[in-house]
Amino acid sequence: MTDLLIYLFLFALMALAVVAGIWVFKSYINGQSPTSALFGPRPEKRLAVVEHANVDGRRRLLLVRRDGVEHLIMTGGPVDVVIETGIGERKGRLEVVESVQSTPVFARQARPFGQAAERAAE
């Protein structure tokens, strides 16, 4: 009788191992974590370093993306500096650019090509 219980326990243990193996293999094929079936999928990442570049031996430029908006940050100096924010907000930036009127730096009219050479010859 005890031999039958031992064989039944070993069979149940092997069946459990096969089911666990299939569960892990299925999650590997789907590209998920094996625990995602129990705890749900991982939330989407909100923060990522898109690019980085060394400025000199101490300072670095980092392009950081948070919630789809990129920020340019310089780190490593005496103070960390945010250089530009809101990179990637194309819709809002275009409205601002269109609403700003550009003023010329110099007020004089441009001369047609060749006019300066004619004045120098006179």
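Residues numbered from 1 in each chain as written. Predicted model: local features only at pLDDT ≥ 70, side-chain atom pairs only at ≥ 80, totals over all residues. Heavy atoms only, no water.

Moving on, we get to the overall build of the chain. Looking only at helices and strands, one finds four helices and four strands in the chain. Each helix (α) and strand (β) of the chain, taken in turn from the N terminus, gives the series α-α-β-β-β-β-α-α. When each of the 122 residues of the chain is scored for burial, the buried share is 11%. Sequence separation of at least 24 residues holds for 1% of the intrachain contacts in the chain that already meet a minimum separation of 6. Element-wise, carbon and sulfur atoms account for 63% of the exposed surface of the chain, whose accessible area totals about 11400 Å². (Helix = DSSP H or I, 4+ residues; strand = E, 2+ residues; numbered from the N terminus. Buried < 20%, exposed > 50% of the residue type's maximum accessible area, 1.4 Å probe, protein only. Contact = heavy atoms within 4.5 Å. Areas by Shrake-Rupley, 256 points an atom, 1.4 Å probe, with all protein chains shown as cover.)

This model, assessed by the stated rule, comprises four salt bridges. Salt-bridge contacts for Asp 56 lead to Arg 59; the nearest nitrogen and oxygen are separated by 2.9 Å. By relative accessible area, Arg 59 is classed as partly exposed at 33%. Residue Glu 70 pairs with Arg 65 through a salt bridge whose shortest N-O separation is 2.6 Å. The network of salt bridges with common partners includes Arg 46, Arg 66 and Asp 67. (Salt bridge = Lys/Arg side-chain N within 4 Å of Asp/Glu carboxyl O.)

Right, let's get into the pairing of strand E4 (residues 81-87). Across four bridges, the pairing between strand E3 (residues 69-75) and E4 is antiparallel. From the neighbouring strand, Met 74 faces E4, where its bridge partner is Val 81. Hairpin connection, E3 to E4: the antiparallel pair is bridged by five residues, and Gly 76 has positive phi, about 100 degrees. (Pairing = 2+ DSSP bridges.)

Attention now goes to a nonpolar patch on the surface. A cluster of nonpolar side chains, Ile 6, Tyr 7, Phe 9, Leu 10, Leu 13 and Leu 16, forms an exposed patch at the surface whose accessible area comes to about 670 Å². Take Tyr 7: it is sitting in helix H1 (residues 2-30). By relative accessible area, which is 58% here, Tyr 7 ends up exposed. (Patch = residues over 30% accessible without salt bridge, like charges linked within 9 Å, V, L, I, M, F, W, Y side chains within 5 Å.)

Below, the discussion takes up the pairing of E3. Among the seven residues of E3, five are classified as buried, and the element is accordingly described as predominantly covered. Relative to E3, strand E2 (residues 60-66) runs antiparallel, the two sharing seven bridges. Considered in E3, the bridge of Arg 65 is made with Glu 70.

All right, on to H1 then. Between the first and last C-alpha of H1 there are 42 Å, a value that for 29 residues agrees with the 42 Å anticipated at 1.5 Å per step. For H1, a buried count of one out of 29 residues is recorded, marking the element as mostly open to its surroundings. Looking one or two residues past H1, Gly 31 carries a phi angle of roughly 75 degrees, positive in sign. (Expected span 1.5 Å × (residues − 1).)

Okay, the confidence of the model for the chain next. Looking at the chain as a whole, its pLDDT mean stands at 79, while 71% of the residues score no less than 70. Per-element mean pLDDT across the chain ranges from 51 in helix H3 (residues 90-99) up to 93 in E2. (pLDDT = per-residue confidence, 0-100.)

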